[in-house]
Amino acid sequence: MNKRTLAVFLFGLLLMTALSGNLPPTGGDCGSARVMCKLDPVGRKVCFVQLPCVRDEGWDTLQHVRFWRQIMRLNPDSALVSIADTREILCRIRMRDYTSLGDSNRMAYKAGIREKYALPSHTRLYITTGKNWFYNPHVVAPKIQQAIAIFDSLGVDPFLAQAVLLIESPVGNLRSEAGAYGHFQLMKDVARQFGLRVDRHTDEREDFEKSAVAAAKLFRDICIPYAAGMLREHGYAYHERALWFRLLAMHIYHAGAGTVRKALNAVPPQPDGSALI
């Protein structure tokens, strides 16, 4: 998987956690996800999904995307200082220098940053450590091809399979603080709802194929229909192949339909779906 292809793909996925700020052009039908296959440096066949509209519509130019692009490549011993509301990057620091400061000195450090860059005193700053240990495409790439086939067999957009794997748990079977587990980060009740056994003896969320089937059904039966229903309730025209619609479905997968509904109810009416996201 070459750097350019990986970047095009990741930029779109990063929007799930980073959509705000300057908006791209209004997105319509993004078309069907295209499955591309090639050989990696050691000769293994690697397949991945590509959506040309990520670049064509300018999603990869959003400031939040540029910010996370750097975080995904950055070692955890380094960090970026950014403006919280926009993710504009101000500088790069050594994390050990920052963590060695006490709480009061950290506040003074941030105050010095605001002064240096002529920012208002109320400007919130984020210190974000590098996460290249977590976003490791070489670990998850072999699984993407397998997940694409499973989603496709169930009539579910393969882009969503790839998105989950790269965002939720790209380094393997991790357990979140909320209790989600496995490559597809399924909660216990959701896993059971879609046929997985989860008890004190067996946790089938560890089974890649079974959890991939459960994740695909979750998208098919809940995330996509709920996204469409919420948009209709709020009077938004949509196309299920638009990138922003796919991202909304991903939000529902990640945060739950109830949380997304509350967010939609709280956001003032927007001119279109891209602006909504």
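Cut-offs used in this document
Residues numbered from 1 in each chain as written. Predicted model: local features only at pLDDT ≥ 70, side-chain atom pairs only at ≥ 80, totals over all residues. Heavy atoms only, no water. Helix = DSSP H or I, 4+ residues; strand = E, 2+ residues; numbered from the N terminus. Buried < 20%, exposed > 50% of the residue type's maximum accessible area, 1.4 Å probe, protein only. Contact = heavy atoms within 4.5 Å. Areas by Shrake-Rupley, 256 points an atom, 1.4 Å probe, with all protein chains shown as cover. Phe/Tyr/Trp six-rings, centres within 6.5 Å; stacked < 30°, edge-to-face > 60°. Lys NZ or Arg CZ within 6 Å of the ring centre and 35° of its normal. Core = buried A, V, L, I, M, F, W, Y, C linked by side-chain atoms within 4.5 Å. Pairing = 2+ DSSP bridges. Polar contact = N/O pair within 3.5 Å; in protein donor to acceptor, adjacent residues only side chain to side chain. pLDDT = per-residue confidence, 0-100. Axes fitted to C-alpha atoms, helices over the stretch in contact; angles between N-to-C directions. Salt bridge = Lys/Arg side-chain N within 4 Å of Asp/Glu carboxyl O.

> What exactly am I supposed to notice about the overall build of the protein here?
Assigned secondary structure in the protein consists of 12 helices and five strands. Taking all 277 residues of the protein together, 49% fall into the buried category. The long-range share in the protein, meaning contacts at least 24 apart out of those at least 6 apart in sequence, stands at 62%. Carbon and sulfur atoms provide 51% of the accessible area of the protein, an area that totals close to 13800 Å².

> What is the right way to look at the environment of Pro-225 in this model?
With respect to the helices and strands, Pro-225 occurs in helix α9 (residues 208–233). Considered as a pair, Pro-225 and Ala-249 are 24 residues apart in the sequence and their alpha carbons are 8.7 Å apart. When residues no more than four places from it in sequence are discounted, the contact partners of Pro-225 are Phe-219 and Arg-220.

> Looking at this model, I keep getting lost on the packing of aromatic side chains. Mind explaining?
How two aromatic rings sit relative to each other is set out by the distance from centre to centre and by the angle between their planes. Going through the model one piece at a time under the given rule, you end up with nine aromatic pairs. Summarising the aromatic geometry, the rings of Phe-151 and Phe-184 are spaced 6.3 Å apart at their centres and angled 20° between planes, so their arrangement reads as stacked. Remark: Phe-184 occurs in the loop between α7 (158–167) and α8 (188–193) and Phe-151 occurs in helix α6 (residues 137–153); sequence separation between them is 33 residues. Grouping residues by exposure puts Phe-151 and Phe-184 together as buried. Among the aromatic side chains, those forming a connected cluster through ring pairs are Phe-151, Phe-184, Phe-208, Phe-219 and Tyr-253. When the ring centre of Tyr-98 is taken as reference, the NZ or CZ atom of Arg-106 above it lies at 5.2 Å. Here the guanidinium or amino end of Lys-143 rests over the ring plane of Phe-208, the centre of that ring lying 4.6 Å away.

> What am I meant to see in the nonpolar core here?
The nonpolar side chains of a soluble globular protein tend to be buried with one another. Counting residues in hydrophobic clusters, the biggest one holds 58 residues, and the most contacted among them are Phe-151, Phe-184, Phe-219, Leu-243 and Tyr-253. Elements supplying a minimum of two residues to this core: α2 (53–56), α6, α7, α9, α10 (243–255) and α11 (257–266). The biggest single contributor to this core is α9, with 13 residues. Contact partners of Tyr-253, with chain neighbours within four places excluded, come to Val-164, Glu-168, Phe-184, Leu-186, Ala-215, Leu-218, Phe-219 and Cys-223. Core analysis: the next-biggest nonpolar cluster, separate from the first, contains 11 residues, Val-81, Ile-83, Leu-90 and Leu-125 among them.

> I tried to follow the pairing of strand β2 (residues 45–50) on my own but got confused; where do I start?
When a strand is regular, its side chains alternate between the sheet's two faces. When you tally the buried positions in β2, you get five out of six residues, the bulk of the element. Of the strand pairs in this sheet, strand β1 (residues 34–39) and β2 are connected by six bridges, and their pairing is antiparallel. Among the inter-strand pairings, Lys-38 is bridged to a residue of β2, identified as Val-46. Count of turn residues in the β1/β2 antiparallel hairpin: five residues, of which Gly-43 carries a positive phi of about 90°.

> Sorry if this is basic, but what is going on with the side chain of Thr-123 here?
Take Thr-123: it is sitting in the loop between α5 (103–116) and β5 (125–129). Only 2.9 Å separates the side chain of Thr-123 from the backbone oxygen of Pro-120, close enough to count as a polar contact. Setting aside anything within four residues of it in sequence, one finds Thr-123 in contact with Ile-83 and Arg-114.

> Even after reading the chapter, I still don't get the confidence of the model for the protein, so can you show me in this structure?
The pLDDT averaged across the protein works out to 85; a share of 88% of its residues lies at or above 70. Within the model, the stretch residues 1–26 combines pLDDT values under 50 with 67 contacts to residues more than four positions away or in other chains.

> How should I be thinking about the sheet that holds strand β4 (residues 89–94) in this particular structure?
For sheets, the rule is that strands pair by backbone hydrogen bonds, running either parallel or antiparallel. With respect to topology, three strands assemble into an open sheet ordered β4-β3-β5, the strand pairing being antiparallel. Two strands in the sheet have a free side with no partner beyond their single neighbour: β4 and β5. Pairs of neighbouring strands in the sheet enclose a mean axial angle of 25°, with direction left out of account. By the bridge criterion, five bridges tie strand β3 (residues 78–83) to β4 in an arrangement that is antiparallel. When the sheet's bridge partners are listed, Leu-80 is paired in β4 with Arg-92. Along the sheet, helix α3 (residues 63–73) contacts β3, β4 and β5; its crossing angle with β3, the most-contacted strand, is approximately 170°.

> Looking at this structure, how should I read the pattern of salt bridges?
A side chain of one charge can pair with a side chain of the opposite charge when the charged atoms of the two come close. According to the stated counting rule, one finds nine salt bridges in the structure shown. Here Lys-210 makes a salt bridge to Glu-204, at a shortest N to O gap of 2.8 Å.

> Whenever I open this one, unusual backbone geometry confuses me. Can you help?
Outside of glycine, negative phi angles account for most residues, and trans bonds account for most peptide bonds. Here the phi dihedral of Ala-118 falls at roughly 55°; this positive angle occurs in a residue that is not glycine. Mapped onto the elements of the fold, Ala-118 is located in the loop between α5 and β5.

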